[in-house]
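This is what each chain is made of:
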Amino acid sequence: MRSRSDAARWLPFLRWPRPSPALLRSEMLAGLTVGLMVVPQGVAYAALAGMPLVTGIYASLLPALVAVLFSASTRLSVGPTALSCLVIQASLTGLAMPGSAQWVALAAWLALLSGALQLLLGLARCGWLLNLVSAPVLMAFTQAAALLIIGSQIGPLLGRGTDGQVDVAALALGLGALLLLVLARRWWPKFPTILVVVLASAAISAGMGLEARGTAVVGALPGGLPALGWPPLPTTGQLQALLVPSLVIALISFLETASSAQIDHADRHSIWDQDQDLIGQGLGKIAAGLSTGFPTSASFSRSALNLYAGARSGWATLFSVLVLALSLWAAMPLLRPVPQSVLAAVVLVAVVGLVQPLAFVRLWRLSRAEAVIAVLSFAATLASAPALHLGVGLGLGLSLAWSLWQRLHPRVVEVGLHADGSLRDRVQWKLPALAPHTLALRMDAALDFTSSAFLERCVADHLGAAPGTHTLCLFAQSINRIDATGLAALQRLSTQCRHGGVGLHLAGLKRPVEEALQRAGLLDGLQLHRTEAQACARLRAQGQSGLG
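Residues numbered from 1 in each chain as written. Predicted model: local features only at pLDDT ≥ 70, side-chain atom pairs only at ≥ 80, totals over all residues. Heavy atoms only, no water.

### A short note on the overall build of the chain
Item 1. Across its full length, the chain carries 23 helices and eight strands.
Item 2. Computed over the C-alpha atoms, the radius of gyration of the chain is 30 Å, more than 25% above the 24 Å expected from 2.2 N^0.38 for a compact globule of 548 residues.
Item 3. Across its three principal directions, the C-alpha atoms of the chain cover 100 × 60 × 50 Å.
Item 4. Looking at the chain as a whole, 51% of its 548 residues qualify as buried.
Item 5. Accessible surface computed for the chain: about 25,000 Å², of which carbon and sulfur atoms make up 65%. (Helix = DSSP H or I, 4+ residues; strand = E, 2+ residues; numbered from the N terminus. Rg over C-alpha atoms; globule rule 2.2 N^0.38 Å. Buried < 20%, exposed > 50% of the residue type's maximum accessible area, 1.4 Å probe, protein only. Areas by Shrake-Rupley, 256 points an atom, 1.4 Å probe, with all protein chains shown as cover.)

Next comes the structure, spelled out in structure tokens:
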């Protein structure tokens, strides 16, 4: 039993439920529902990435199969996503011609590099590193990227060719498809509307002979499964140009995965193993690079549809992959007459919901500093296109700088006894001093190299403003950690108080902090109080007796 448990740690599919007729029926229905959605959506996303259209289906075959076998979140739909495809298109611009063999090879290397990075992070159990990107920065980048995607699809939606003329027939079909998809998304979310709309547009296009009239259509797509093998090696310069985009793709992809995985595990009342999902997603990308694909990710919309359709395990993805494999043999001729304006409508419907201007307003009410960071990240992403990683980089840098500034300037307040018996900010609540000739301070932060200098400065300022102070009490219950710099600062503070005739009290020390003080030999000369109540009683007694 233990050997199976150990094997399941590295092979998560061993934990899948045993197939039964009832389970397979529900999984087959969910897989069919998602698979029918992936075919037209994958083709549309491939166009967004500048890839040959059939590669959108390739990227949903072997990558999805490998990812579900090795991921902890087994109900996520892995394949092309709008954000990842936009980054691919932006990253490869200037390195090759869209749709060319060199473009396809570089996209495969993007998948291999970003997948290898995710795999290494997962094996090293370093999924926590991805938490460095704050929610406001991710929100800003997502909205800016959504606007860029929308802008990139306006031309195809209008059926605009190289001469700049609008194709009226293509425009009508594109707008009609857009309207139907928007309505269906609201009223019939479970129905495979995308597939129906795409096939209907194909029939209309074929009946009107739009391809012969010059309308941009999908065109002939090769049938059969993708070939496996290493893509041609890039040059040193190309490889260097792919490194940063690979990092950005790995980051964005996993944050997309996180948004879906958290919903999946909340529904199952289980704990999310982000490191195992990093491994699964990384292996999925590597599989994409080896099967004529491009970087994949977990699609929020398709994953939500998978859950809505009743998927209970990874068996649903296996059925979805089977549907896609069969479509490569039978459905490719059906897609040939589909106008590319309809594919643009498919992409627009997928991303238009990402544009949420009110999110900035809500963020402003919560934190003005983070709202400013989000706005700057949003503007930088738009201004730096196609180098989208600059927007993420700026947001990451600003977030870390803001976090560091907060740690360098922790909250240090003078406290007084509130009527409810708690210690609160004396200035804010207009409370009397805790005791005569007593200064009672509380710092809501760890006492380490970032905060110790600020605490010393605050103590000096308070003592300077109250020269008759006999007693200084530091309520330390909120100090959960102390380092060597903090110990040195506390030693200096103790020496200064002793020379100035001020008694130094510490109240509510946590055990790890007290042990650190004991190892440093700083407990001698300090007056310790186990609880805040004990400290308040002792300080009042000293104040009444005039002792320091």
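### Remarks on the pattern of salt bridges
Item 1. Taken as a whole and judged by the stated rule, the model has 13 salt bridges.
Item 2. Ionic pairing is found between Asp275 and Arg125, a salt bridge with its closest N-O pair at 3.8 Å. Separated by 150 residues along the polypeptide, Asp275 in helix H11 (residues 274-289) and Arg125 in the loop between helix H6 (101-123) and helix H7 (135-158) bring together distant segments of the chain.
Item 3. The exposure class assigned to Asp275 is buried, which follows from its relative accessible area of 11%.
Item 4. Residue class for Arg125 comes out partly exposed when judged on its relative accessible area of 34%.
Item 5. Asp425 is the salt-bridge partner of Arg411, the closest N and O atoms lying 3.8 Å from each other. Residue Arg411 is located in the loop between helix H18 (389-408) and strand E3 (412-417), and its partner Asp425 is located in strand E4 (residues 423-425); the two are separated by 14 residues in the primary sequence.
Item 6. Accessibility expressed as a relative area gives 40% for Arg411, which makes it partly exposed.
Item 7. One salt-bridge network, in which partners are shared between bridges, spans Arg411, Asp425, Arg442 and Asp444. (Salt bridge = Lys/Arg side-chain N within 4 Å of Asp/Glu carboxyl O.)

### Considerations on the packing of aromatic side chains
Item 1. Summed over the entire model, instances satisfying the criterion amount to six aromatic pairs.
Item 2. With 5.5 Å between their ring centres and 75° between their planes, Phe360 and Phe378 make a pair best called edge-to-face. Taken together, the residues span a long stretch of sequence, with Phe360 in helix H16 (residues 358-366) and Phe378 in helix H17 (residues 368-384) at a distance of 18 residues. For the pair formed by Phe360 and Phe378, the shared burial category is buried.
Item 3. Their ring planes at 10° and their centres at 5.6 Å tell us that Trp402 and Trp405 sit as a pair that is stacked. Pair noted here: Trp402 and Trp405 are both in helix H18, with a separation of three residues, about one helical turn.
Item 4. In this structure Trp402 comes out as partly exposed when scored by relative accessible area, which is 27%.
Item 5. The lysine or arginine in question, Arg424, covers the ring of Trp429, its NZ or CZ lying 4.6 Å from the ring centre. (Phe/Tyr/Trp six-rings, centres within 6.5 Å; stacked < 30°, edge-to-face > 60°. Lys NZ or Arg CZ within 6 Å of the ring centre and 35° of its normal.)

### A closer look at the sheet that holds E4
Strands in a sheet are paired, the pairing made by backbone hydrogen bonds, and the direction either parallel or antiparallel.
Item 1. Taken together, the six strands give an open sheet; going across it, the order is E4-E3-E5-E6-E7-E8, and neighbouring strands pair in mixed fashion. Edge positions in the sheet fall to E4 and strand E8 (527-529), since each has one partner strand and no second. When strand polarity is set aside, the average angle formed by the axes of neighbouring strands in this sheet is 35°.
Item 2. Note: strand E6 (residues 471-475) against strand E7 (residues 503-507), five bridges, orientation parallel. Across the sheet, residue Leu472 finds its bridge partner in E7, namely Leu504.
Item 3. Strands E3, strand E5 (438-443) and E6 of the sheet are contacted by helix H20 (residues 452-465), whose axis makes an angle of about 155° with E5. (Pairing = 2+ DSSP bridges. Axes fitted to C-alpha atoms, helices over the stretch in contact; angles between N-to-C directions. Contact = heavy atoms within 4.5 Å.)

### Structural notes on the packing of H20 against helix H21 (residues 484-499)
Item 1. Where H20 meets H21, the axes come as close as 9 Å, and the angle between the chain directions of the two elements is 20°. As the angle between them shows, H20 and H21 are arranged roughly parallel. Pair H20 / H21 crosses with right-handed handedness. Along the contact surface, H20 presents Ser452, Glu456 and Val459, while H21 presents Thr485, Gly486, Ala489, Arg492 and Leu493.
Item 2. Considered class by class, the residues forming the contact of H20 with H21 number three nonpolar, three polar and two charged. (Parallel < 35°, antiparallel > 145°, perpendicular 65-115°, else oblique. Left-handed = near helix turned anticlockwise from the far one by under 90°. Nonpolar A, V, L, I, M, F, W, Y, C, P; charged D, E, K, R; others polar.)

### Details of the environment of Thr142
Item 1. Topologically, Thr142 is positioned in helix H7.
Item 2. The class of Thr142 is buried, set by a relative accessible area of 14%.
Item 3. Residues Thr142 and Val351 lie 209 residues apart in sequence; the distance between their C-alpha atoms is 9.4 Å.
Item 4. Beyond its immediate stretch of four places on either side in the chain, Thr142 contacts Leu83 and Leu354.
Item 5. A distance of 2.7 Å separates a polar atom in the side chain of Thr142 from the backbone oxygen of Leu138. (Polar contact = N/O pair within 3.5 Å; in protein donor to acceptor, adjacent residues only side chain to side chain.)

### So, the state of the cysteines
Item 1. Applying the stated criterion across every chain yields a total of zero disulfides.
Item 2. Between Cys497, a cysteine without a disulfide, and Cys473, which holds the nearest cysteine sulfur, the sulfur-to-sulfur distance is 11 Å.
Item 3. With relative accessibility at 3%, the residue Cys497 sits in the buried group. (Disulfide = S-S within 2.5 Å.)

Such coordinate-based values are descriptive only and should not be taken to indicate function.
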